[in-house]
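# Structure at a glance
What follows is the residue order along each chain.
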Amino acid sequence: MIQLSRGRYRARLAEGARDIAAAQHLRGRAFQGRQVADVDAFDAICDHVLVEDVRSGALVCCFRFLPLASGCEIGRSYSAQYYELTALEAFEGPMVELGRFCIDPDLADPDVLRVAWGAMTAYVDAQGVELLFGCASFAGTDARAYYDAFAILKARHIAPHRWLPRVKAPNVFRYAQRLRRTPDAREAMRRMPPLLRTYLMMGGWVSDHAVVDRQMNTMHVFTGVEIAAIPPARKKLLRAVAGQV
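Conventions adopted
Residues numbered from 1 in each chain as written. Predicted model: local features only at pLDDT ≥ 70, side-chain atom pairs only at ≥ 80, totals over all residues. Heavy atoms only, no water. Helix = DSSP H or I, 4+ residues; strand = E, 2+ residues; numbered from the N terminus. Buried < 20%, exposed > 50% of the residue type's maximum accessible area, 1.4 Å probe, protein only. Contact = heavy atoms within 4.5 Å. Pairing = 2+ DSSP bridges. Right-handed = clockwise from strand over helix to strand, strands pointing away. 1 Å grid on protein atoms, 1.4 Å probe; cavity = no way out; pocket = protein on both sides within 12 Å on 5 of 7 lines; lining within 4 Å. Points joined across faces, edges and corners; volume = space filled by probe spheres on them. Nonpolar A, V, L, I, M, F, W, Y, C, P; charged D, E, K, R; others polar. Phe/Tyr/Trp six-rings, centres within 6.5 Å; stacked < 30°, edge-to-face > 60°.

## Some points on the environment of Gln24
Structurally, Gln24 can be placed in helix H1 (residues 17–32). Owing to a relative accessible area of 12%, Gln24 belongs among the buried residues under this scheme. Sequence spacing of Gln24 and Asp38 is 14 residues, and the spatial spacing of their C-alpha atoms is 4.9 Å. Residues in contact with Gln24, not counting those within four places in the same chain, are Val36, Ala37, Asp38, Val39 and Asp43.

Following this line, the structure appears as structure tokens:
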């Protein structure tokens, strides 16, 4: 059970249909820019986390977890629709897929992301998770806007060969093959999605291609974080936010 409060924000697990509906409407605003609900079949089998403003009760961030006993279940994941994940079937430990992460598009407060990561840390530790994974999204479908970001992913963060996701989706940008440029590190990090930036700071790795999702108007890369490989100082900081140290 997640119950985490920091400053003006609190994180908790959704408790029923009304909470999940609120998350779906926030996702609609964040992903589609409209007052519509973003709904899919995975909502019914996931744990949903809500981050709320303590003063107003407003929902400011949400995401969901799909726990899997080991890599043999990875075919059940949302990500498996878009990536060939056969290599990860050999992963023996518990894993969890983080999905549909979004923050209120009208809010720009870094504390929201900090509280969200504190909640993620509490969940991962409570479940004994060894691999956290998901799809990290770039807004829009024009890869040229993110060439420096993709170039730095190619140079520093491609998944180990033993876990490398293969191409499955019909429309992809094979940045590891196509880009031949020295990235501007500052521009790369400026254009990197905040969630992905945090994954990378924890030692995360990514697929060698991005899936172009025109329905959602995004490009996304498969991202994995092996919990045992998180730098000790980063792990200590995350657990401090989660109230575990």
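## A closer look at unusual backbone geometry
At Arg100, a residue that is not glycine, the phi angle is positive and equals roughly 55°. Within the secondary structure layout, Arg100 lies in strand S6 (residues 95–103). On the basis of relative accessible area, Arg100 is assigned to the buried category, the value being 14%. Backbone geometry places Asn217, a non-glycine residue, at a positive phi of 55°. Taking relative accessible area as the criterion, Asn217 reaches 44% and is therefore assigned partly exposed.

## A few points about the pairing of strand S7 (residues 131–139)
For S7, the buried fraction is high: 7 of the 9 residues fall into the buried class. Across 4 bridges, the pairing between S6 and S7 is parallel. When the bridges of S7 are listed, Leu98 appears paired with Gly134. On the question of chirality, the crossover connecting S6 to the parallel S7 by way of helix H2 (residues 110–127) is right-handed. Across 9 bridges, the pairing between S7 and strand S12 (residues 218–226) is antiparallel. Within the sheet, the bridge partner assigned to Phe133 lies in S12 and is Gly224.

## A look at the layout of surface pockets
As a volume, the largest pocket reaches approximately 1200 Å³. In this structure, the largest pocket is lined by 45 residues; those nearest its centre are Phe101, Ile103, Pro193, Pro194 and Leu195. Looking at the lining of the largest pocket, the elements with two or more residues in it are H1, S6, H2, S7, helix H5 (185–191), helix H6 (194–201), S12 and helix H7 (232–241). A per-class count over the lining of the largest pocket returns 27 nonpolar, 7 polar and 11 charged. Approximately 160 Å³ is the volume found for the second largest pocket.

## Things to note about H6
Every buried residue belonging to H6 is among Leu195, Leu196, Thr198, Tyr199 and Leu200, and all of these are buried. Looking at the buried residues of H6, the elements they touch are S6, H2, S7, helix H3 (147–156), strand S10 (205–206) and S12. One or two residues past the end of H6 sits Gly203, with phi positive at roughly 90°.

## Concerning the packing of aromatic side chains
Summed over the entire model, instances satisfying the criterion amount to 16 aromatic pairs. Ring centres of Phe138 and Phe150 lie 4.9 Å apart, and the angle between their planes is 45°; this geometry places the pair in the tilted category. With Phe138 in strand S7 and Phe150 in helix H3, this residue pair connects regions lying 12 residues apart in the sequence. Relative accessible area serves as the criterion here: at 0%, Phe150 is assigned to the buried category. Here the aromatic residues Phe138, Tyr146, Tyr147, Phe150, Phe173 and Tyr175 are joined through ring pairs into a cluster of three or more.

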